[in-house]
Amino acid sequence: MANPAPYGNWISPISAEAVATQSLSEGIEDVLMDPVTSKVYFAQNRSKENGRSVIVDVSDGQDVFDISWDARTQVHEYGGAASAAFDDVLYFSNIGDHRVYKTMKGADPTPITPDNPVQRFADFTVHPQHPELIACTAEDHTNPHPPKVLTYLVYINATTSSVSRLVEGADFYGCARFSPDGKFLLWQQWHFPEFPYQSAEILFAPVTVSSDGQKLEIGATVHVAGQHGIVSAVDPNWSSNSSLFFLSDISGYHNPWYFTFDPTNPGETSKASPLLHVPVKEEFGAPQWWLSCHGCGALSPTLLAFLSFHEGRSKLYICDVMKGTCLEIDTPYVHIQYMHGDGKGKVVMLGQPAHAAEVLTELTIDANGNPHLKSLIPPLAKNEKLPTSFISVGRYQAVTLPPDARTCHLTYYAPKNPNYSGGLSGEKPPVVVNIHGGPFLMETANLDWSKQFFTSRGWAYLDVNYGGSAGFGRAFRERLHGKWGILDIEDAHQSVLKLDELGLVDAKRAVVHGGSAGGYSVLQLATTLPTAFAAGAPRYGVSDMRKLDQILHKFEYYLCDRLMGGTWEECESVWRERSPIYHADKIQMPLLILQGEKDTVVPAEQMIAMVNTIKARGGKVELILFPNEGHGWRYSSTIQTTLQRQLEFFNEVLGFINKA
């Protein structure tokens, strides 16, 4: 019989070791679809194989290549879209030498680009009639200074192992796609200081292949949509030889659009139209921090699948171009990503429920026009160490916060453990507050056992999608411009106070953690609102805004200028005010700082300097350095240590008795 017991002291079978093993055991990082055979593959992180990424054939569950290969890329630093399949041939970028390789299952990969360590490649599209010609995004790091790194669209000749430029002039490129007949190439491009979800353009051009099939040229470009500094048009793809689809936020939210043209006269006959008669306040697609972020796919030339975010959850739509309708499809998923379509009746995606493991899913339409979802891989074997009866499903809440009645989007997880009926009479639960990274990302509501690790021990858990988060439209995202280090922490603090008023959490027993930009927010809370939280655990967080700005890679080169409200030269005092390293003397919050020694985004030296300052004042601080980790964890041992030490540290501060 379940009995009450003090919150935070519940005994749970969900161990840090079990969570760490599970967290990276699936690790699907991308989904691939062969446009010729419609075969499906996925990229999978292997934490026990030095964090490498392998490509798995869904049809038999076998790896395409052996343990000596790692299909990852660092284009735009965060990578993604490191592989493509075409007619049973796999093309992939190998992180060890940055070369592109070609292989078939059972064969040894062979390089198709020169040995040039300063070049990186990603986001491949194979010419349908001349498969030896592969267009892609390329980065040239001959001059490694971020604004001097050059990005192009290129084509690779797999026969001669040569690389030739196709398009240049913009600062960034992505989503290169040949039309089904190979006569046109479309792409997405954007310029400094923007991110693609802030403003980007879509263009296409006719393609000419030489008579010997060895060279490729493009003709005059046609502008499809988007405008630098004003409109973001992203995630384009073909639905036929004369039509394509994409997402545009001209309404303030990324909504689906459609574009048609006459192939004989594309520049004069083109037309872009919204697929929705009235724009909806839902954010379609996903912010393109990774080149693999795709939120749409073609079922047929006239039936298109899209995902959107509404109230922090994914929704799935099928849009009929001819009828002008968009039908929402019920799914068991709260988060959907990596969507691809073959245009021949199939769309694949990764579906992530709130109460079960992620599912590689196929969407099809039957002869009567009814949609069907089917899992493409067997469900994971039941893990007795992670019992599903302990799962606390997140609940979306939009709260209104003072002093300006702004909205903040939350996901609240109540304490849950079938062995306990609740806390003591009148007791409100302690809460772990999570501040996501980015900062222009969004914390999703799919099952995450690291959250259940806490809720099963009698903690509430709170995800804060603060002003600036993706998934809630342009105006909400732009709230953070000029206010990073202010709005994010105020939203987190005020949200806890609001839920305390509702009896859902105990604000006096609130702890906070976050990674990267979220780690910065934890440090800002420690210096700006030093008594707002009982303890904090930043992971690879920023402490010196100026030093961050000096080492940021090309993709994020102007991030600090936008978020601080100006350059260092224009507002140095603001940069210093929002750099926790200068205000460590104000810290009263006990801190557990977790940092990768190989981090190139936030160097370990920033965290070490912060710790030394706090220790010099006699503050409670602990630093754990992980020698093989970078910006984000790829090893299960790191996740296990992080969870164990966080729980132990929070227990020490709040006087709980519990084990990891």
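Every value quoted in this text rests on a predicted model; they were computed, and no experiment measured them. (Residues numbered from 1 in each chain as written. Predicted model: local features only at pLDDT ≥ 70, side-chain atom pairs only at ≥ 80, totals over all residues. Heavy atoms only, no water.)

Here we look at the overall build of the protein
- Looking only at helices and strands, the protein has 11 helices and 40 strands in total.
- By the compact-globule yardstick of 26 Å for 660 residues, the protein fits well, its C-alpha radius of gyration being 25 Å.
- Across its three principal axes, the protein shows a C-alpha extent of roughly 80 × 60 × 50 Å.
- The burial tally for the protein puts 62% of its 660 residues in the buried class.
- Considering only intrachain contacts with a sequence separation of at least 6, the fraction spanning at least 24 residues in the protein is 60%.
- For the protein, the exposed area adds up to about 24700 Å²; of that, 51% sits on carbon and sulfur atoms. (Helix = DSSP H or I, 4+ residues; strand = E, 2+ residues; numbered from the N terminus. Rg over C-alpha atoms; globule rule 2.2 N^0.38 Å. Buried < 20%, exposed > 50% of the residue type's maximum accessible area, 1.4 Å probe, protein only. Contact = heavy atoms within 4.5 Å. Areas by Shrake-Rupley, 256 points an atom, 1.4 Å probe, with all protein chains shown as cover.)

Notes on the pairing of strand β8 (residues 100–103)
- Summarising the sheet, strand β7 (residues 89–93) and β8 pair through four bridges and their orientation is antiparallel. Among the inter-strand pairings, phenylalanine 92 is bridged to a residue of β8, identified as tyrosine 101.
- By the bridge criterion, two bridges tie β8 to strand β9 (residues 110–111) in an arrangement that is antiparallel. Paired with lysine 102 across the strands is threonine 110, a residue of β9.
- Linking β8 back to β9 in an antiparallel pair, the connection comprises six residues, with glycine 106 at a positive phi of about 90°. (Pairing = 2+ DSSP bridges.)

Observations regarding the state of the cysteines
- Counted under the stated rule, the structure contains one disulfide.
- Here cysteine 175 stays free of any disulfide, with the sulfur of cysteine 296 as its closest cysteine sulfur at 8.6 Å.
- The exposure class of cysteine 175 is buried, given its relative accessible area of 2%. (Disulfide = S-S within 2.5 Å.)

Structural notes on the sheet that holds strand β11 (residues 133–140)
- Strands sit in the order β10-β11-β12-β13 across an open sheet of four strands; the sheet is antiparallel. The sheet is open, and its two edges are formed by β10 (119–126) and β13 (162–167), each paired on a single side. Across this sheet, the average inter-strand angle for adjacent strands is 35°, counted without regard to direction.
- By the bridge criterion, five bridges tie strand β12 (residues 150–157) to β13 in an arrangement that is antiparallel. Its bridge partner lying in β13, isoleucine 156 is registered against valine 163. (Axes fitted to C-alpha atoms, helices over the stretch in contact; angles between N-to-C directions.)

A closer look at the nonpolar core
- Among the nonpolar cores identified, the biggest contains 82 residues, and Phe306, Leu462, Trp484, Phe533, Met545 and Leu591 are the most heavily contacted of them.
- With six residues, helix α6 (residues 517–528) is the largest single contributor of residues to this core.
- Core analysis: the second largest hydrophobic core is formed by 36 residues, Ile14, Phe390, Leu592 and Leu654 among them. (Core = buried A, V, L, I, M, F, W, Y, C linked by side-chain atoms within 4.5 Å.)

Looking at the packing of aromatic side chains
- One pass over the structure, following the stated rule, counts 46 aromatic pairs.
- For the pair tyrosine 7 and tryptophan 10, a centre-to-centre distance of 5.5 Å together with 40° between the ring planes defines the contact as tilted. For the pair formed by tyrosine 7 and tryptophan 10, the shared burial category is buried.
- Ring centres 5.8 Å apart and planes at 70° place the aromatic pair phenylalanine 204 and phenylalanine 259 in the edge-to-face group. (Phe/Tyr/Trp six-rings, centres within 6.5 Å; stacked < 30°, edge-to-face > 60°.)

Describing the sheet that holds strand β31 (residues 371–375)
- The four strands lie next to each other as β28-β29-β30-β31, forming an open sheet whose pairing is antiparallel. Whereas interior strands pair on both sides, the edge strands pair on one side only; in this sheet they are β28 (335–341) and β31. Each strand axis lies, on average, 25° off the axis of its neighbour in the sheet, ignoring direction.
- Looking at chain direction, strand β30 (residues 359–365) and β31 are connected through five bridges and run antiparallel. Within β31, the position partnered with leucine 363 by the bridge is leucine 373.

A look at α6
- Between its first and last C-alpha atoms α6 spans 16 Å; for 12 residues at 1.5 Å apiece the expected length is 16 Å, and the two agree.
- Among the 12 residues that make up α6, 11 are buried, leaving the element largely enclosed by the rest of the structure.
- If you check which residues of α6 are buried, you get Ala517, Gly518, Gly519, Tyr520, Ser521, Val522, Leu523, Gln524, Leu525, Ala526 and Thr527. (Expected span 1.5 Å × (residues − 1).)

What about the environment of proline 332?
- Mapping proline 332 onto the fold places it in the loop between β27 (325–329) and β28.
- Under the relative-accessibility criterion, proline 332 is labelled partly exposed at 47%.
- In this structure, the C-alpha to C-alpha distance between proline 332 and serine 15, residues 317 residues apart in sequence, is 27 Å.
- In contact with proline 332, other than residues within four places in its own chain, are Pro353, His355 and Leu373.

As for the pattern of salt bridges
- In total, this model carries 32 salt bridges according to the counting rule given.
- Put simply, glutamate 49 and arginine 46 hold a salt bridge, and the shortest N to O gap is 3.6 Å.
- What makes glutamate 49 partly exposed here is its relative accessible area of 24%.
- In this structure, aspartate 506 and arginine 509 form a salt bridge, with 3.0 Å as the shortest nitrogen-oxygen distance. With respect to burial, aspartate 506 and arginine 509 carry one shared label: buried.
- One continuous salt-bridge network, built from bridges that share partners, spans Lys39, Asp57, Asp60, Asp88 and Lys105. (Salt bridge = Lys/Arg side-chain N within 4 Å of Asp/Glu carboxyl O.)

Let's talk about helix α11 (residues 636–654)
- A rise of 1.5 Å per residue sets the reference length of α11, with its 19 residues, at 27 Å; its end C-alpha atoms lie 27 Å apart and thus fit the reference within 8%.
- Every buried residue belonging to α11 is among Ser636, Thr638, Ile639, Thr642, Leu643, Arg645, Gln646, Leu647, Phe649, Phe650, Asn651 and Leu654, and all of these are buried.

Description of unusual backbone geometry
- Residue proline 193 follows phenylalanine 192 across a cis peptide bond; omega there is 0°.
- Going from proline 402 to proline 403, the amide bond is cis rather than trans, its omega being 0°.
- By secondary structure assignment, the location of proline 403 is in the loop between β32 (395–401) and β33 (406–413).
- Unusually for a residue other than glycine, aspartate 87 sits at a positive phi of about 55°.
- Using a relative accessible area of 41% as the deciding quantity, one classes aspartate 87 as partly exposed.
- Unlike most non-glycine residues, aspartate 123 shows phi in positive territory, near 60°.
- Considering the arrangement of structural elements, one finds aspartate 123 in strand β10.

Brief notes about the side chain of arginine 578
- In this fold, arginine 578 is placed in the loop between α9 (572–577) and β39 (591–596).
- At 7.6 Å, aspartate 488 is the nearest oppositely charged side chain to arginine 578, a buried residue that forms no salt bridge.
- At a separation of 3.1 Å, a polar atom in the side chain of arginine 578 contacts the main-chain carbonyl oxygen of tryptophan 484.
- With near-sequence residues (within four places) excluded, arginine 578 lies in contact with Gly482, Lys483, Trp484, Gly485, Ile486, Tyr520, Gln524, Met545, Leu563 and Met564. (Lys, Arg positive; Asp, Glu negative; His and termini not counted. Polar contact = N/O pair within 3.5 Å; in protein donor to acceptor, adjacent residues only side chain to side chain.)

Considering the environment of tyrosine 338
- Structurally, tyrosine 338 can be placed in strand β28.
- Once the C-alpha coordinates of tyrosine 338 and phenylalanine 42 are considered, the two residues, 296 residues apart in sequence, prove to be 9.7 Å apart.
- Once you skip the residues sitting within four places of it in the chain, tyrosine 338 turns out to touch Ile28, Glu29, Asp30, Val31, Ser292, His294, Val348, Met349 and Leu350.
- Among the polar contacts made by the side chain of tyrosine 338, one reaches the main-chain carbonyl oxygen of glutamate 29 at a distance of 3.1 Å.

Everything listed here is a matter of geometry and, on its own, says nothing about what the molecule does.
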